[in-house]
Amino acid sequence: MTFDKNAYIADVLKKRLRAQKGELARALRDLRETGDLTALGVVDIAEMFAVTPGMSDIRQHLAALRQSVFNKRTSDGGVVLLSSLLDVLEEQGRDLGDPAFWAAIRSAKSEALAKRITEFGKAISLEHQALKLVTKEELAERAQSLPDASISDLCKAVEANGVAVRPAIVPPTGAVPNVVQQALKHPEFRSVVDVLLLGEASSPQDVKVVDGFSYDGGKSVGSAQVDAAQRKATTAKDSDAMQVAQKVLTLVRSDFTDPTALHEMVFAAALYQAKAILGEKLPSATVVERLAETGLDRVEAARIVAHLSVDNHSGRGLDEVADLVASGALADARRMLDAIANPELHDAAELARIASVVGAAEHKKQLLVASYEDARVRQDFGAAEVALREAVRIDTTDERLVGLLGKLPPPTPTPVTAKLNAAGDVALTWRFEGVDDCSFAVVRGDGHVPANPGDGTRIATVKAQTHVDKGAPIGRTLQYAVFALRESVYSLPGTASVVAVPPPTELTATAGLTEITASWRISADAIGVRCAVIDTAGTSTPVDTGGASHVTLSGLVTGQRYRIVLEAVYVLADGSKVLSNKVTVDATPRGTIAAVQDLQIYETTLKNGRQGFRAAWARVDGVPVELWALPVDEKVPPVGTVMDIEALERHGWPKGQRNHRGRRWIHDSRVRGFFGYSNPCCRHRRFRPECHRRITHRGICTIAERCTRRPLR
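Residues numbered from 1 in each chain as written. Predicted model: local features only at pLDDT ≥ 70, side-chain atom pairs only at ≥ 80, totals over all residues. Heavy atoms only, no water.

Draft legend 1. Broad picture of the overall build of the chain. In terms of regular secondary structure, the chain is built from 21 helices and 27 strands. Counting across all 713 residues of the chain, residues that qualify as buried make up 45%. Sequence-distant contacts, at least 24 apart, represent 66% of the contacts inside the chain between residues at least 6 apart. Per element, the accessible surface of the chain, about 36700 Å² overall, is 50% carbon and sulfur. (Helix = DSSP H or I, 4+ residues; strand = E, 2+ residues; numbered from the N terminus. Buried < 20%, exposed > 50% of the residue type's maximum accessible area, 1.4 Å probe, protein only. Contact = heavy atoms within 4.5 Å. Areas by Shrake-Rupley, 256 points an atom, 1.4 Å probe, with all protein chains shown as cover.)

This is the structure in structure tokens:
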């Protein structure tokens, strides 16, 4: 596979290397100190050097990579690290051209990844020893430093150290009924579940309420259990607790018969209890144990406490830091975190987690600002804007970044296309990948490419990504530039050029019997036209128009199609002649349709010796002639009537070669009309070879003169 230098720079050097630059630096330092290849396992070295499995000449590839890329990007810190790594490997005597070396690198990468996953699991477990639980969402966020590791492998590593991994809970939306709150005040009931299962022989354990409602290993609570509990409450010794229990059960039978609704109510009650315990200023681990004493599953209890930890005394202030980070007030979050006076009063794991969140946000902001600065130097304002906007989103209170964003030129509109339309106007279109608050200045340069919105003739300022220049000068090369505008800041220009030479317009052709007359219009800036006629064989013949706006082509073959081609001729400012786009029109010479006025029919002896009729008429050029014989009583339109074929057939004349009303003979009209007919229809007293019709190429006919003769005896 051919090495794509541009793709390598864009994908590896500018993206992957930039994200792993710190790890690459540490790996290079460890390799120099230990000489152990496993130090390189933290980075995909083969990818960094674009070495693919099965590459035929790795040594030649690396030499070309150093020569064509590394030696030309000496100001790029990441590239300097890669070049130094090649030097160190060669100094240590590594055979970089041997595929076995790269196989060892891939093996080291796999081993290093497994080791890092194990260390990650231990670190996360240490941070969450209080609750012995971490959410999948937090784990995924913390795993960004291990992009090659799967979430399932990370979960296994954490759980191997005694910490459960569960999704973050979605709290119920309903409130806890007052009667349930009253029941929880009685020491007879550890939770509302005790009330629902009052009829059971023993207190429920392993109660789960987060993702579903069950107890004792998966048993569900239904109407049978509620009925049994109500009987127990009714028959038990009367007390305040039993009276409240009866009210709870009555409410459940009336309002919470649906299992989903019952689950939501029990879940809300568990959250209510957890909040009450957290209000006692107890450590998170103690709150979990207290909830577990109510029969709640310990992992379920930890999930609830983790969700409510923002209300815990040990987390007070830390949740505000996290909220500030989430809202984009990173500087305020850092100030609040640094201002915590007594960190020993906070949960150590939670404090470390919040500090890590703030640090990660600050690091990401630094990377984005570096990306912005790099793109700004390259004048890639689109990439610069994307990086800077993301940095501002992380820290909206950084006025310096906000100011830089306001001064940053928008991305360049590109590509810009300019095309001459049929009307001779210039149609401009462009693409833009910036934000929607930009408008566009369209500028036409006077003999040069505009460098800024004031350098030339500004023909429009629009919001759309298209414009038509209807006042474009004719007969010259036009330079256009499109600038994206944001308040007083404008982008680099997207440019296009077009030679404004509109083609002839209003081209028409009128055909005669053997000639065609074509006419047209051209721009006043054109000096004339170049004309040619093409016949059906494809032969093109130049035609001298004599500078006129029309031309007559004579001596053509009647019935043959011809194509007339025109191009307008212009002289540019440099004296060169240019031609416009071609325009064409087709025409076919035809005769003029008219009635035959001299049809004659007379009795005669035919060549075969039989008696018959002869029909004769003057020659009709350019159209075929049909001679029809019709009965005497047939209704015929007046002589000279022009009709189309469909109208004639609707009039009742036969379509086919013959039917019960008459006969038709088709005669070639290119010679003098002459036709003989014998054996007439003798069923009629009088017979008239009545009339003929001539049909043009458009299907038009004219009723001709009629003549009547008696049939022969």
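Draft legend 2. Inspection of the side chain of Ser-214 at higher detail. Checked against the element boundaries, Ser-214 lands in the loop between helix H10 (192–196) and helix H11 (223–235). Overall, the relative accessible area of 14% leaves Ser-214 in the buried class. Apart from residues lying up to four places away in sequence, Ser-214 is in contact with Asp-206, Val-207, Lys-208 and Lys-219.

Draft legend 3. Highlighting unusual backbone geometry. Omega for the peptide link from Thr-414 to Pro-415 comes to -5 degrees, which places this bond in the cis form. Although it is not a glycine, Ala-50 adopts a positive phi angle of roughly 55 degrees. Residue Ala-50 is classed as buried on the basis of its relative accessible area of 16%. Phi at Asp-206 is positive, roughly 55 degrees, even though this residue is not glycine. By the element assignment, Asp-206 lies in the loop between H10 and H11.

Draft legend 4. Layout of the pairing of strand E5 (residues 439–445). With respect to burial, E5 is a largely interior element, seven of its seven residues being buried. The two faces of E5 match: Ser-439, Ala-441, Val-443 and Gly-445 on one face and Phe-440, Val-442 and Arg-444 on the other face are all buried. Where E5 lies against strand E8 (residues 477–486), seven bridges are found, and the strand directions are antiparallel. For Val-442, the partnering residue across the bridge sits in E8 and is Val-482. (Pairing = 2+ DSSP bridges.)

Draft legend 5. Geometry of empty space enclosed by the protein. Following the criterion strictly, the structure yields two cavities of 30 Å³ or more and no others. The computed volume of the largest cavity comes to approximately 90 Å³. Looking at the largest cavity, it is lined by 13 residues, and the ones nearest its centre are Ser-191, Val-193, Ala-270, Gln-273 and Leu-296. Among the secondary structure elements, those contributing two or more residues to the lining of the largest cavity are H10 and helix H13 (259–278). Considering every element that reaches the lining of the largest cavity, the biggest residue donor is H13, with four residues. Its residues assigned to classes, the lining of the largest cavity shows nine nonpolar, four polar and no charged. (1 Å grid on protein atoms, 1.4 Å probe; cavity = no way out; pocket = protein on both sides within 12 Å on 5 of 7 lines; lining within 4 Å. Points joined across faces, edges and corners; volume = space filled by probe spheres on them. Nonpolar A, V, L, I, M, F, W, Y, C, P; charged D, E, K, R; others polar.)

Draft legend 6. Quick peek at helix H18 (residues 348–377). Given a rise of 1.5 Å per residue, 30 residues ought to cover 44 Å, and the 44 Å separating the end C-alpha atoms of H18 matches this to within 8%. Once H18 ends, the next one or two residues include Gln-379, with phi positive near 60 degrees. (Expected span 1.5 Å × (residues − 1).)

Draft legend 7. Structural context of the environment of His-186. Locating His-186 in the fold gives a position in the loop between helix H9 (178–183) and H10. Measuring from C-alpha to C-alpha, the distance between His-186 and Ala-245 comes to 9.9 Å, with 59 residues separating the pair along the chain. Among residues more than four places away in sequence, those in contact with His-186 are Asp-240, Ala-241 and Val-244.

Draft legend 8. Expanded view of the packing of aromatic side chains. Under the defined criterion, the tally for this structure stands at six aromatic pairs. Taken together, the ring pairs connect Phe-49, Phe-70, Phe-101 and Trp-102 into an aromatic cluster. (Phe/Tyr/Trp six-rings, centres within 6.5 Å; stacked < 30°, edge-to-face > 60°.)

Draft legend 9. Local environment of helix H5 (residues 77–91). The terminal C-alpha atoms of H5, which comprises 15 residues, lie 21 Å apart, in line with the 21 Å expected from a rise of 1.5 Å per residue. Considered for burial, the residues of H5 that qualify are Gly-78, Val-79, Leu-81, Leu-82, Ser-83, Ser-84, Leu-85, Leu-86, Val-88 and Leu-89. Lining the buried residues of H5 we find helix H1 (5–19), helix H2 (21–34), helix H3 (45–48), helix H4 (58–68) and helix H6 (99–127). One side-chain oxygen at the N-terminal end of H5 lies 3.0 Å from the backbone nitrogen of Gly-78; it belongs to Asp-76. Among the residues trailing H5, Gly-93 stands out with phi positive, at a value near 80 degrees. (Polar contact = N/O pair within 3.5 Å; in protein donor to acceptor, adjacent residues only side chain to side chain.)

Draft legend 10. Structural detail: the sheet that holds strand E3 (residues 417–420). Read across the sheet, three strands follow the order E3-E4-E7 without closing on themselves; strand pairing throughout is antiparallel. Each end of this open sheet is capped by a strand with a single partner; those strands are E3 and strand E7 (466–469). Averaged over all pairs of adjacent strands, the angle between strand axes in this sheet comes to 20 degrees, irrespective of strand direction. Alignment of E3 against strand E4 (residues 426–429), held across four bridges, turns out to be antiparallel. Bridge assignment links Ala-418 to a residue of E4, and that residue is Leu-428. (Axes fitted to C-alpha atoms, helices over the stretch in contact; angles between N-to-C directions.)

Draft legend 11. The arrangement of the layout of surface pockets in detail. One number sums up the size of the largest pocket: a volume of about 1600 Å³. Around the largest pocket sit 41 residues that line it, and Ala-19, Gln-144, His-363, Lys-364 and Leu-367 are the ones nearest its centre. Of all the secondary structure elements, the ones that give two or more residues to the lining of the largest pocket are H1, H2, H5, helix H7 (136–142), helix H16 (318–326), H18 and helix H19 (381–394). Element by element, the count of residues in the lining of the largest pocket is highest for H18, at 11 residues. Residue composition of the lining of the largest pocket, grouped by class: 15 nonpolar, 12 polar and 14 charged.

Draft legend 12. Focus on the sheet that holds strand E15 (residues 550–553). Within the open sheet, the three strands sit side by side as E11-E12-E15. Their pairing is antiparallel. Every other strand in the sheet has two partners, leaving strand E11 (505–511) and E15 as the edge strands with one partner each. Ignoring which end each strand starts from, the neighbouring axes of this sheet average 15 degrees apart. Across five bridges, E11 lies against strand E12 (residues 516–521) in antiparallel orientation. The residue of E12 that forms the bridge with Thr-508 is Ser-519.

Draft legend 13. Main features of the packing of H18 against H19. Two elements in contact, H18 and H19, have axes separated by 8 Å at closest approach and are oriented at 160 degrees. Between H18 and H19, the angle falls in the class roughly antiparallel. For the crossing formed where H18 meets H19, the hand is left-handed. When H18 is examined against H19, the residues Ala-361, Lys-364, Lys-365, Leu-368, Val-369, Ser-371, Tyr-372, Ala-375 and Arg-376 are found in contact with a partner set consisting of Phe-381, Ala-383, Ala-384, Ala-387, Leu-388, Glu-390, Ala-391, Arg-393 and Ile-394. Along the lines of polarity and charge, the residues of the contact of H18 with H19 split into 12 nonpolar, one polar and five charged. (Parallel < 35°, antiparallel > 145°, perpendicular 65-115°, else oblique. Left-handed = near helix turned anticlockwise from the far one by under 90°.)

Draft legend 14. How the structure looks around the environment of Ala-511. Within the fold, Ala-511 resides in strand E11. Residue contacts for Ala-511: discarding those within four places in its chain leaves Ile-516, Thr-588 and Pro-589.

Draft legend 15. Region of interest: the nonpolar core. Val-209, Phe-213, Val-248, Leu-262, Val-266 and Ile-304 are the most contacted members of the largest nonpolar core, which has 53 residues in total. Elements with a minimum of two residues in this core: H9, H10, H11, helix H12 (240–255), H13, helix H14 (284–292) and helix H15 (298–308). When residues in this core are grouped by element, the largest group, 11 residues, is from H13. With near-sequence residues (within four places) excluded, Val-248 lies in contact with Val-179, Val-180, Ala-183, Val-192 and Val-195. Residues Val-12, Ala-27, Leu-62 and Phe-70 belong to the second largest nonpolar core, which totals 35 residues. (Core = buried A, V, L, I, M, F, W, Y, C linked by side-chain atoms within 4.5 Å.)

This is a description of form; function is not addressed.
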